[in-house]
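Observations on chain architecture
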Amino acid sequence: MAEENPKLVEAPSAHSLAEATRSRAKFSGHGRSLGAAGYRDPGINDYEGTYAFLTAIDQSISISPPPQGFEDFHVGVAWNNTPVTTRQDTSFLGKLLKSPVQHIISRVDLDLGCLYEMQDGTRGVVQAFGKRFGNYDEAPFIVHSGDERVGKKEGADESLTINGAEWNKIKKVLVYAYIYKGAAKWAEIKPQIHIDVPGEKDLIVTLGAYDGSLELCVIGELENVRGGIRLINRSEYFPGHAEMDRAYGFGLQWVDGEKSRE
């Protein structure tokens with residue numbers, strides 16, 4: 001049986017916006033993160049200086065706009081669905097051979113999405129479920145790559161492409177990952193958000209906290225600051241989209257829905 005997912009149904013009314021911004025809901029279960037995704041590990045020295053990690057909650061980094069403006073940049077999510085060694089085989093033969101035991105991570109369907117706000121105040125969502133894939137040439141100038149169900153691709157498993165030439169029309173982008181299918185074992189699947197801006201180091205946000213009881217994680221936020229990009233590590237967890245929306249004051253309206261199986 002298909003699991004339920006909330007989806008956006010209509011533009012916000014003034015009343016719903018006021019209710020959404022009245023207070024910030026608190027659902028986070030901040031604790032010590034167990035590490036980064038298997039693709040790039042912040043514990044490994046980056047001798048070539050090719051990427052920068054944001055590993056702590058509220059840690060931020062800024063990129064100044066180049067004279068000619070930004071080219072297209074990409075926001076991707078990668079996660080670990082591969083076997084990991086978790087303990088030593090304690091059987092007699094295992095001790096004799098010093099054989100490790102592999103723990104197979106249950107397959108997880110992790111979706112990437114974002115809430116956005118334009119400079120004119122327009123707000124909305126780009127995400128795979130509900131087939132809200134966005135638009136590159138028109139507002140919000142953000143487009144989703146499509147739904148990747150198993151996390152087996154090289155590099156980012158799902159991504160958002162932002163039309164760099166139109167970045168000045170975007171105020172902020174709140175990037176989240178949502179576990180559609182599988183247990184919320186964030187410490188095992190270790191999702192990362194990768195920001196690829198041409199001419200700059202790759203920026204990678206790893207979770208500064210985890211909460212295995214909640215299925216939606218706001219990983220990072222991109223703000224337009226004087227035409228540049230400010231990236232913030234959020235690492236904040238919510239029961240669902242409506243609670244996330246209410247906490248960050250977007251004022252969208254959500255109802256339960258079903259993810260397309262097509």
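So, here's what we can say about the structure. (Residues numbered from 1 in each chain as written. Predicted model: local features only at pLDDT ≥ 70, side-chain atom pairs only at ≥ 80, totals over all residues. Heavy atoms only, no water.)

This part covers the nonpolar core. Grouped together as the largest cluster of nonpolar side chains are 39 residues, with contacts concentrated most on Ile142, Trp167, Trp186, Ile193 and Leu222. Those residues in contact with Ile142 that lie beyond four places of it in its chain are Cys114, Tyr116, Val126, Phe133, Gly134, Asn135, Leu160, Thr161, Ile162, Ile170 and Val173. Of all hydrophobic cores here, the second largest spans 16 residues; its members include Val125, Tyr180, Phe238 and Ala247. (Core = buried A, V, L, I, M, F, W, Y, C linked by side-chain atoms within 4.5 Å. Buried < 20%, exposed > 50% of the residue type's maximum accessible area, 1.4 Å probe, protein only. Contact = heavy atoms within 4.5 Å.)

All right, on to the side chain of Ser235 then. By secondary structure assignment, the location of Ser235 is in strand β16 (residues 228-238). Overall, the relative accessible area of 0% leaves Ser235 in the buried class. (Helix = DSSP H or I, 4+ residues; strand = E, 2+ residues; numbered from the N terminus.)

Counted according to the given criterion, the structure contains 7 salt bridges. Note that Glu117 is salt-bridged to Arg123, the shortest N-O span being 3.5 Å. Of the charged contacts in the structure, one is a salt bridge between Glu221 and Arg234, with a shortest N-O distance of 2.7 Å. Note that Glu221 is positioned in strand β15 (residues 216-225) and Arg234 in strand β16, a separation of 13 residues in sequence. (Salt bridge = Lys/Arg side-chain N within 4 Å of Asp/Glu carboxyl O.)

As summarised here, the arrangement of the 7 strands in space is β2-β14-β13-β4-β11-β10-β9, forming an open sheet in which the pairing is mixed. Edge strands, defined here as strands with exactly one partner in the open sheet, are β2 (51-54) and β9 (134-135). Bridge count for strand β13 (residues 192-196) against strand β14 (residues 202-206) is 4 bridges, and the pairing is antiparallel. Residue pairing across strands places Ile193 opposite Val205, the latter belonging to β14. (Pairing = 2+ DSSP bridges.)

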